[in-house]
Amino acid sequence: MCDKGLPYTPEKLQTALVSNSEYLTKVYSKYTKEEKRLLEEGFRAGQPGSLFQLITVHSDSDWILAHPEEPEDFEAFYRKPYRKTPNESQSTIYIQTIGSFGEVAAQTDQYVEWLRDYCQAFFYGLSVKLLPAVAVSETKCSFRVNSNSYNLQILTGDLLQFLKKRKPKDAFCIVGITMIDLYPKDSWNFVFGQASLTEGMGVFSFARYDDNFYKRSYAGRLKKHLQPRQEDYSVFDGYYTPPITSTLLLRSCKTMTHEIGHMFGISHCQWLSCVMQGSNHLDESDRRPLDFCPICLRKLQFAIGFNIAERYKALLHWMDEDQTQTSVKASASHTDPHFTKPTEAFHASKLWVCRCLEIMEKDQ
Ligand SMILES: [Zn+2]
Ligand SMILES: [Zn+2]
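Residues numbered from 1 in each chain as written. Chains lettered and ligands numbered in written order. Predicted model: local features only at pLDDT ≥ 70, side-chain atom pairs only at ≥ 80, totals over all residues.

### A look at the overall build of the chain
Turning to step 1, where the next piece is worked out: When helices and strands are tallied, the chain shows twelve helices and eight strands.
Turning to step 2, where the next piece is worked out: The C-alpha radius of gyration computed for the chain amounts to 21 Å, which stays within 12% of the reference 21 Å derived for 364 residues, consistent with globular compactness.
Turning to step 3, where the next piece is worked out: In terms of overall dimensions, the chain has a C-alpha envelope of 65 × 50 × 40 Å along the principal axes.
Turning to step 4, where the next piece is worked out: Counting only contacts in the chain whose residues sit at least 6 apart along the sequence, the fraction spanning at least 24 positions is 74%. (Helix = DSSP H or I, 4+ residues; strand = E, 2+ residues; numbered from the N terminus. Rg over C-alpha atoms; globule rule 2.2 N^0.38 Å. Contact = placed C-beta atoms within 7 Å.)

And the structure:
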């Protein structure tokens, strides 16, 4: 683990971004001077006032120390055999909600709509669609009560099987999201999520992003002696869901975009502080910024082909959006309460996106 977490020289970052390949250098030269100015801000990482930051290591259990592998530069990404690029017939990201998010159905609808809108800005140029939400029982999945924490958990493999059947023909990928905790096999305590990159699908839980999850008072704990039968999904009726807070929304947006980023074949980032950094624990994922470093940004831009400034504007618009304009779509009831998008936790990210746009807009 020689130089893990230590800064790369600007020259090394330049090669990681632009590459030594003649062809890829030529492709890079097609960026506008404003776009290059933004991307090359990365070479200043760590200097006072820099837009991009170096990765910092806070503890021995941090992801970067546990994964001493070659960092993936742009060229390595480009040459990857299983890299996936959206094409005309498969360019939609589908989100499948499993179980409820919030105490009333309208709240689930609204929360998922915010996530959808965010992903649509983040993967700018692709369309992001919601599949009709399903109850846990509809997935026919196996489930259990965790024998240490006594909360309900769903088997990820069964959810992936379910998603495979639900995946529309025009899907670039399908992502299942749930507020119920997950496990990948009996011998495991839990898992945040599981994905199959070759099949373009993944399932992720936000259950552990609840601030109370690890507290003894956590309301998702069942009575210790409860052993529900496998066919009896009634235990999920009215089961605890975390309160919808700004922090939960921030964490959900980060997880969704990180995981969908993997669907493009983008590996964990080891270059700079970046939403694609791996994380071993909640502290570490909270430290990740909301957006890409320049090297990962080039990977996504290459896959989708968006205008970089337009993408930042769309993200800013989502963070800025007039709260009263958001409405619950597809809701049959007129008595549904209105939910305000809690964006306070996005404040620092919003200022950061503004700076990106300023850097791109300034006259030079
Ligand atoms: Zn990851
Ligand atoms: Zn990165």
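### Some thoughts on the confidence of the model for the chain
Turning to step 1, where the next piece is worked out: On average, residues of the chain score 89 in pLDDT, and 93% of them reach the 70 mark or higher.
Turning to step 2, where the next piece is worked out: Across residues 1-5, where pLDDT falls below 50, the model places nine contacts with residues more than four positions away in sequence or in other chains.
Turning to step 3, where the next piece is worked out: Taken together, the stretch residues 324-335 has pLDDT below 50 and engages in twelve contacts with residues farther than four places along the chain or on a different chain. (pLDDT = per-residue confidence, 0-100.)

### Digging into the domain arrangement of the chain
Turning to step 1, where the next piece is worked out: The domains assigned to the chain are domain 1 (1-81 + 270-306) and domain 2 (86-263 + 310-354).
Turning to step 2, where the next piece is worked out: Computed over C-alpha atoms only, the centres of domain 1 and domain 2 are separated by 27 Å.
Turning to step 3, where the next piece is worked out: Between domain 1 and domain 2, the residue contacts involve eleven residues of the former and 14 residues of the latter.
Turning to step 4, where the next piece is worked out: Of all the secondary structure elements, the ones that give two or more residues to the side of domain 1 that touches domain 2 are helix H9 (282-287) and helix H10 (294-304). (Domains from an automatic or database assignment.)

### As for the nonpolar core
Turning to step 1, where the next piece is worked out: Residues Cys 293 and Cys 296 are the most contacted members of the largest nonpolar core, which totals 87 residues.
Turning to step 2, where the next piece is worked out: Residues lining this core come from more than one domain, with at least three contributed by each of domain 1 (1-81 + 270-306) and domain 2 (86-263 + 310-354).
Turning to step 3, where the next piece is worked out: Here Cys 296 is in contact with Ile 266, Cys 269, Cys 274 and Met 276, once residues within four sequence places are set aside. (Core = buried A, V, L, I, M, F, W, Y, C linked by C-beta atoms within 7 Å. Buried ≥ 20, exposed ≤ 12 C-beta atoms within 10 Å, placed from the backbone.)

### A short note on helix H1 (residues 10-18)
Turning to step 1, where the next piece is worked out: Residues Leu 13, Ala 16, Leu 17 and Val 18 constitute the buried set of H1.
Turning to step 2, where the next piece is worked out: For H1, the elements touching its buried residues are helix H2 (22-29), helix H3 (33-40), helix H5 (74-78) and H10.
Turning to step 3, where the next piece is worked out: Positive backbone phi, approximately 85°, marks Ser 19, located one or two places after H1.

### Topic: the sheet that holds strand S1 (residues 92-98)
Turning to step 1, where the next piece is worked out: Sheet architecture is open: five strands sit in the order S2-S1-S5-S8-S7, paired in mixed fashion. Strands at the two margins of the open sheet, each flanked by one partner only, are strand S2 (127-134) and strand S7 (193-196). Strand-to-strand twist of the sheet, defined as the mean angle between neighbouring strand axes without regard to direction, takes the value 15°.
Turning to step 2, where the next piece is worked out: Strand direction decides the pairing type here: S7 and strand S8 (residues 201-205), joined by four bridges, are antiparallel. What sits directly across from Gln 194, in S8, is Val 203. (Pairing = 2+ DSSP bridges. Axes fitted to C-alpha atoms, helices over the stretch in contact; angles between N-to-C directions.)

### Details of helix H11 (residues 308-320)
Turning to step 1, where the next piece is worked out: Over its 13 residues, H11 runs 18 Å from end to end, which matches the ideal 18 Å to within 8%, given 1.5 Å per residue.
Turning to step 2, where the next piece is worked out: For H11, the set of buried residues is Ile 308, Arg 311, Tyr 312, Leu 315 and Trp 318. What you see down the axis of H11 is that its buried residues fit within an arc of 120°, all on one side.
Turning to step 3, where the next piece is worked out: Contacts made by the buried residues of H11 are with H3, helix H6 (105-122), H10 and helix H12 (347-361). (Expected span 1.5 Å × (residues − 1). Arc of directions from axis to C-beta.)

### Observations regarding the pairing of strand S4 (residues 152-155)
Turning to step 1, where the next piece is worked out: Neither face of S4 is open: one carries Leu 152 and Ile 154, the other Gln 153 and Leu 155, and all of them are buried.
Turning to step 2, where the next piece is worked out: For strand S3 (residues 143-145) and S4, the ladder comprises three bridges, and the chain directions are antiparallel. Residue pairing across strands places Arg 144 opposite Gln 153, the latter belonging to S4.
Turning to step 3, where the next piece is worked out: Turn length for the S3-S4 hairpin, with the two strands adjacent in sequence and antiparallel, is six residues, and the turn residue Tyr 150 shows positive phi of about 60°.
Turning to step 4, where the next piece is worked out: Where S4 lies against strand S6 (residues 181-183), three bridges are found, and the strand directions are parallel. Bridge pairing in S6 places Gln 153 opposite Asp 181.

### Quick word on the packing of H6 against H11
Turning to step 1, where the next piece is worked out: Contact pair H6 / H11: the axes reach a minimum separation of 8 Å and the direction vectors enclose 160°. Judged by the angle between their axes, H6 and H11 are roughly antiparallel. For the pair H6 and H11, the crossing hand works out as left-handed. Contacts from Asp 117, Tyr 118, Ala 121 and Phe 122 in H6 reach Ala 314, Leu 315 and Trp 318 in H11. (Parallel < 35°, antiparallel > 145°, perpendicular 65-115°, else oblique. Left-handed = near helix turned anticlockwise from the far one by under 90°.)

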